[in-house]
Amino acid sequence: MRLVQGTAVSPGLALAPVHVVRASPAEVPTWSIPEDEVVRELDRLKRALDEARAELAARQRVVATETGEKDAEIFGVHRMILSDPGALAQVQRTIREERINSEAAVQALVRRMEQTLGKLEGSSVRNYAADLSEPWRYVLDALMRVERETLASGETRVILAAAELTPALMTYLPRERLLGVVTEAGGRFSHGAVLARSFGIPCVVGLPQLLGRLEQGMLLAVDGERGHVQLRPAEADVREFEERRERRAARVEVLSRVAGEPAVTTDGHRFGVQVNIESVRDFDTFDRRHTDGVGLLRTEFLYLERPQFPSEDEQFRLYRRVLERMDGQPVTLRTLDIGGDKRLPYFKTPPEPNPALGWRGIRITLQWQDLMQVQLRAALRAGAGRPLRILLPMVSSIEEIELTHRIFDSARASLVAQGHDVEREVPVGMMIEVPSVLFTLEHLVKHVDFVSVGTNDLVQYLLAADRDNPWVARLYEPQHPAVMRALAHVARVSNAARKPCAVCGDIADDPAIALFLLGVGFDSVSVAPNFVAEIKYAVRRTSRADARALADAVLACDDCESVRRTLADARARLQS
Ligand code: PEP
Ligand code: MG
């Protein structure tokens, strides 16, 4: 049995065959092919080649019609290159002899071509090298599609393995087919990780060199609590794993039986527990009566799943469905938060040297104001007669809030002029993610109706440690005294201004941290649905005075280790 230790990202236990994927066109991982799968692999390569040729022919036709036969000739040349039996034989030989996947074999061919021709003098020869390798990139893309179609048309439920934990990987397969996810790289609070927790799929990251050790279809046991992955577990390990899985399921069952009881402390203080959702599909994973509403609707996933920007009507229908499903409970709709690692395939932005510090969130929608207009119109129409709230991501200044209010007013005015029904008062709140906001909060808070802390981003900016970068994963420590004090400050300022304050970052899904947040004065938290029951249970077993004492103890800590220890003690008390 081989046990690999990584970083636990999403709790739960999964035991299933692994399926290795390439999650983004840029990455080409290598994995091993068992002897008896070589023929299937060669067949996969053949299908991908046929697809690539068909794609090139289609492009040739389009370009010929649009700009003329001459411009289209290059695609014909590319098709001829793909018909070269010598190159194909090399790729087939690599698959057979090295027993590696087609992607890696094609990549090896491309490298060889580039190296051989790249050594020759002259830019025209180097261009020729690029021309020779270019068509094989179509084969790489086709392999990804063929792989996905083959898997999606089967019945198997799998654990996905990939180089990186991206939102694309988390949506690679229908949810019911996905039992677990393991990746070589990826931060615990990356957007891919956020989705894993939200879907309730066990996930472990930080497993360098993993893919090279996997064979397609190999049995894996993923422990999303301890951050372990077992490759080909022995029978005894499988038995132990299944026993643990049953014990975990029993605990989840006990908690879910009392999940309907409100989160009221032993001294009668009500703490709000809301849910973070990404789509209407999330409604299958929780009972709305067990929550206090949606604290964060990440609308960007609606945009990510589409081939183009969703129209106002499309958005209206979706937001309306979310509000209807919540049946009178508040829904906090966050305006489009793209940029960083959430990139829309149809909204190409130039590569940025530092995307986390770049063009993202409200910075985009205030520049492309039509995006904001359309979304706010759709939201306002959907919110007629229902408790809608709007939340603005990545706010860093009063000017941004004021400009949003102006767009909001114009969206409302245009709807009224067109005879639509809209609410007079729709609360508008800001996310606290940019550290500068901590120092100006007294002023900013006067311009909004509520605040919600996005700790996933706040932590990365406060500690200057990228949430997606495995090399600084150890520095990305939410249980840092600076983070704890920043949170206490937000609660203090918001309470003084009598503005409701929440935390919707994933830090809040830890029951001990939720109690800390209650102790410093937050009104609510918003977490992925499968953490709701546990947090409510923790709140019901605690008095407000206990929560304040925990908060004081945490705030007295001046290093990460003491914060972690203090919270771990609180967690242990909750388990006892
Ligand atoms: C956050 O940053 O904590 C947050 C809730 O937003 P996201 O994770 O979608 O960036
Ligand atoms: Mg964020």
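Please read these numbers as outputs of a predicted model, since none were measured by experiment.

The rules we used
Numbering of residues starts from 1 in every chain and runs along the sequence as written. Here chains are named by letter from A upward and ligands by number from 1 upward, in the order in which they appear as written. Residues qualify for local features only when their pLDDT is at least 70, as the model is predicted, and side-chain atom pairs are given and counted only at 80 or more; totals for whole chains, interfaces and linings, by contrast, use all residues. As a rule here, side-chain values cover all heavy atoms of the structure and leave hydrogens and water aside. Working definition: helices are DSSP H or I runs of at least four residues, strands are E runs of at least two. Numbering for both runs from the N terminus. The rule is simple: take the accessible area with a 1.4 Å probe, protein chains only, and divide by the maximum for that residue type; under 20% is buried, over 50% is exposed, in between is partly exposed. Any pair of N or O atoms that falls within 3.5 Å is considered a polar contact. Within protein, one atom must be able to donate a hydrogen and the other to accept it, and sequence-neighbouring residues count only if both atoms are side-chain atoms. Contact between two residues is taken to exist if any of their heavy atoms lie within 4.5 Å; hydrogens are not considered. In this entry, domain limits derive from an automatic or database-based domain assignment. Each of two parts loses accessible area, computed with a 1.4 Å probe, when they are put together; buried area is these two losses added. Near is defined per residue: the residue qualifies when any heavy atom it owns lies within 4 Å of the molecule or strand. All accessibility values rest on the Shrake-Rupley procedure with a 1.4 Å probe; residue burial counts only the protein chains present in the view. Using a grid of 1 Å spacing that covers the protein atoms alone, one calls a set of points a cavity when a 1.4 Å probe fits there but cannot get out, and a pocket when the set is open and has protein on both sides within 12 Å along at least five of seven lines; lining residues are those with an atom within 4 Å of a point. In this description, a molecule resides in a pocket or cavity if more than half of its atoms sit within 2 Å of the grid points defining it. Polar here means any residue outside two lists: the nonpolar Ala, Val, Leu, Ile, Met, Phe, Trp, Tyr, Cys and Pro, and the charged Asp, Glu, Lys and Arg; Gly therefore counts as polar. By the convention used here, strands pair only if DSSP detects at least 2 bridges between them. The convention used is that axes are lines fitted to C-alpha atoms, helices contributing only their stretch in contact, and that angles between N-to-C directions extend from 0 to 180 degrees. Coordination shells were defined by N, O and S atoms within 2.8 Å of each metal, extended to 3.2 Å for Na, K and Ca; water is absent from the atom set, which can make sites look incomplete. Throughout, right-handed denotes a crossover for which the path from the first strand over the helix to the second runs clockwise when the strands point away from the viewer. Working definition: rings of Phe, Tyr and Trp (its six-membered ring) pair if their centres are within 6.5 Å, and the pair is stacked with planes under 30 degrees apart, edge-to-face with planes over 60 apart, and tilted otherwise. Consider the ring centre and the ring normal. A charge sits over the ring if Lys NZ or Arg CZ is within 6 Å of that centre and within 35 degrees of that normal.

Novice: Hey, could you go over the side chain of Thr 94 for me, with residue numbers and the actual values?
Specialist: By the element assignment, Thr 94 lies in helix H3 (residues 85–98). For Thr 94, a relative accessible area of 7% corresponds to the buried category. Within the structure, the side chain of Thr 94 is placed 2.8 Å from the backbone oxygen of Gln 90, a separation counted as a polar contact. Beyond its immediate sequence surroundings of up to four residues, Thr 94 is in contact with Arg 99, Ile 100, Ala 105 and Arg 112.

Novice: So what about the domain arrangement of the chain? Which residues, and what values?
Specialist: A common way to express how large an interface is: the accessible area buried when the components associate. Each assigned domain of the chain is listed with its residue range as follows: domain 1 (2–28 + 155–251), domain 2 (35–153) and domain 3 (269–575). In this structure, domain 1 and domain 2 have C-alpha centres spaced 30 Å apart. If you look at the interface, domain 1 gives 14 residues, while domain 2 gives eleven residues. The contact between domain 1 and domain 2 buries some 1200 Å² in all, and 56% of this surface belongs to carbon and sulfur atoms.

Novice: Which residues make up the site of ligand 1, and what are the values?
Specialist: Around ligand 1, the structure places 15 residues, and the nearest of them are His 191, Arg 298, Arg 334, Gly 454 and Asn 456. Between ligand 1 and His 191, the relevant distance is 2.9 Å, taken from an oxygen atom to a side-chain nitrogen or oxygen of the residue. Interatomic distance of 2.8 Å between a side-chain N/O atom of Arg 334 and an oxygen atom of ligand 1. When ligand 1 is considered free in solution it has 290 Å² of accessible area, and contact with the protein chains removes 100% of it. Because more than half of its atoms lie within 2 Å of the grid, ligand 1 is assigned to the largest cavity. The set of elements that each furnish at least two residues to the shell around ligand 1 consists of strand S10 (294–298) and helix H15 (455–463). Here the element with the most residues in the shell around ligand 1 is H15; it accounts for three residues. Residue composition of the shell around ligand 1, by class: three nonpolar, five polar and seven charged.

Novice: Describe the sheet that holds strand S16 (residues 524–527), with residues and values.
Specialist: Spatially, S9-S10-S11-S12-S13-S14-S15-S16 is the arrangement adopted by the eight strands of the closed barrel, whose pairing is parallel. On average, adjacent strands in this sheet sit at an angle of 25 degrees to one another, irrespective of strand direction. Direction of pairing for strand S15 (residues 501–503) relative to S16: parallel, over a ladder of two bridges. Within the sheet, the bridge partner assigned to Val 503 lies in S16 and is Val 525. Against the sheet, helix H10 (residues 312–326) engages strand S9 (272–277), S10, strand S11 (331–334) and strand S12 (388–392), with an angle of about 155 degrees to S11.

Novice: Any details on the coordination of the magnesium ion (ligand 2)? Residues and values, ideally.
Specialist: At this site the magnesium ion (ligand 2) is bound by Glu 433 (OE) and Asp 457 (OD), with donor distances of 2.0 Å. With Glu 433 in the loop between strand S13 (428–432) and helix H14 (436–444) and Asp 457 in helix H15, this pair connects stretches of sequence that are 24 residues apart. The pair formed by Glu 433 and Asp 457 is uniform in burial state, with each residue classed as buried.

Novice: Please set out the pairing of strand S14 (residues 450–453) residue by residue, giving values where relevant.
Specialist: Of the two faces of S14, the one lined by Phe 450 and Ser 452 and the one lined by Val 451 and Val 453 are each fully buried. Sheet topology places S13 next to S14; four bridges connect them, and they run parallel. For Ile 432, the partnering residue across the bridge sits in S14 and is Val 453. Each parallel crossover has a hand, and for S13 linked through H14 to S14 it is right-handed.

Novice: Would you mind going over the packing of aromatic side chains in detail, with residue names and values included?
Specialist: Evaluation of the coordinates by the stated rule reveals seven aromatic pairs. Ring centres of Phe 189 and Tyr 476 lie 5.3 Å apart, and the angle between their planes is 25 degrees; this geometry places the pair in the stacked category. Taken together, the residues Phe 189 in the loop between strand S5 (178–185) and helix H7 (191–199) and Tyr 476 in the loop between H15 and helix H16 (481–496) connect sequence positions 287 residues apart. For Tyr 476, a relative accessible area of 8% puts it in the buried group. Between Tyr 303 and Phe 309 the ring centres are 6.2 Å apart and the planes differ by 80 degrees, which places this aromatic pair in the edge-to-face class. Under the relative-accessibility criterion, Phe 309 is labelled partly exposed at 28%. Taken together, the aromatic side chains of Tyr 303, Phe 309, Tyr 346, Phe 347, Trp 359 and Trp 368 make up a single cluster linked through ring pairs. Above the face of the Phe 316 ring, Arg 381 is positioned so that its terminal group lies 4.3 Å from the ring centre.

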